[in-house]
Amino acid sequence: MVLDKIDKQILNTLQENGKTTNSKLSKIVGISAPATLERVKRLEIAGVISQFTAVLDPEKIGFSIMALVSISLSLSNLSSVASIKEKFTELDEVIECYQIAGANDFILKVIAKDIKTYGEFMNKKLTQIEGIQMIKSSFVIDNVKEKRMFVLNSDEEYRV
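Just so you know, these numbers come straight off a predicted model, no measurement behind them.

Peer 1: So what exactly am I meant to see when it comes to the pairing of strand 3 (residues 106-112) here?
Peer 2: The side chains of a regular strand alternate between the sheet's two faces. Most of strand 3 is tucked away, with six of its seven residues classed as buried. One ladder, built from seven bridges, connects strand 1 (residues 65-73) with strand 3; its direction is antiparallel. When the bridges of strand 3 are listed, Ser70 appears paired with Ile107. Where strand 2 (residues 94-99) lies against strand 3, five bridges are found, and the strand directions are antiparallel. Paired with Glu96 across the two strands is Lys109, which belongs to strand 3.

Below is the structure:
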């Protein structure tokens, strides 16, 4: 499946505002509402659109601490990486988790209500995961840019 100009317009618009109605979306891309809906469904079935979700402001719901946590695994436990990944996915405080190459093995994005709650998370949950050698926390002071949109250029070819 190759994304055409209309598919790209649909995707760019929905990334900007996932609540855009089908009627408004059809006017933006210049095709009928039923044809627009069919394209959106096709993009969902193909997995290009993985989900529609609400993005919440963490501070407004009581999460004032955000940390980027670098994790290094002990060399003797590299065979249990799958188990460690699974444990990370089970932690509610971890909102993003990346396995990386370089000086560390994982980067976790963690939220907490306050520093005390973060400390409890570290001491009672994260440090209890077998195979972790080093944990380094960096606290977010200001969110300068958070972009959740992939701009699809109309003149580039994207294959799905």
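Still more ground to cover, so stick around.
Peer 1: Is there a simple way to think about the nonpolar core in this case?
Peer 2: A general trend in soluble globular proteins is that nonpolar side chains are found buried together. With 20 residues, the main nonpolar core has Val69, Ile71, Phe88, Leu108, Tyr118, Phe121 and Leu126 as its most contacted residues. With five residues, the single largest contributor to this core is strand 1. Filtering out sequence-adjacent residues up to four positions away, Leu126 remains in contact with Val69, Ile71, Phe88, Leu91, Leu108, Phe121, Ile132 and Ile135. Formed by twelve residues, the second largest nonpolar core is a distinct cluster that contains Leu3, Ile10, Leu14 and Leu25.

Peer 1: Quick question: what am I supposed to make of the side chain of Arg39 here?
Peer 2: Looking at the secondary structure, you find Arg39 in helix 3 (residues 33-45). For Arg39, a relative accessible area of 17% corresponds to the buried category. Polar side-chain contacts of Arg39 include one of 2.9 Å to the side chain of Asp4.

Peer 1: Quick question: what am I supposed to make of the packing of aromatic side chains here?
Peer 2: The description of two aromatic rings rests on the distance between their centres and on the angle between their planes. On inspection of all chains with the given rule, the structure shows three aromatic pairs. Consider the rings of Tyr118 and Phe139, whose centres lie 5.1 Å apart with planes at 75 degrees: the pair is edge-to-face. Of this pair, Tyr118 sits in helix 5 (residues 115-124) while Phe139 sits in strand 4 (residues 132-139); the two residues are 21 residues apart in sequence, bridging distant segments of the chain. Assessed through its relative accessible area of 4%, Tyr118 is described here as buried. Ring pairing ties together the aromatic residues Tyr118, Phe121 and Phe139, which thus form one cluster.

Criteria and cut-off values
- Residues numbered from 1 in each chain as written.
- Predicted model: local features only at pLDDT ≥ 70, side-chain atom pairs only at ≥ 80, totals over all residues.
- Heavy atoms only, no water.
- Buried < 20%, exposed > 50% of the residue type's maximum accessible area, 1.4 Å probe, protein only.
- Helix = DSSP H or I, 4+ residues; strand = E, 2+ residues; numbered from the N terminus.
- Pairing = 2+ DSSP bridges.
- Core = buried A, V, L, I, M, F, W, Y, C linked by side-chain atoms within 4.5 Å.
- Contact = heavy atoms within 4.5 Å.
- Polar contact = N/O pair within 3.5 Å; in protein donor to acceptor, adjacent residues only side chain to side chain.
- Phe/Tyr/Trp six-rings, centres within 6.5 Å; stacked < 30°, edge-to-face > 60°.

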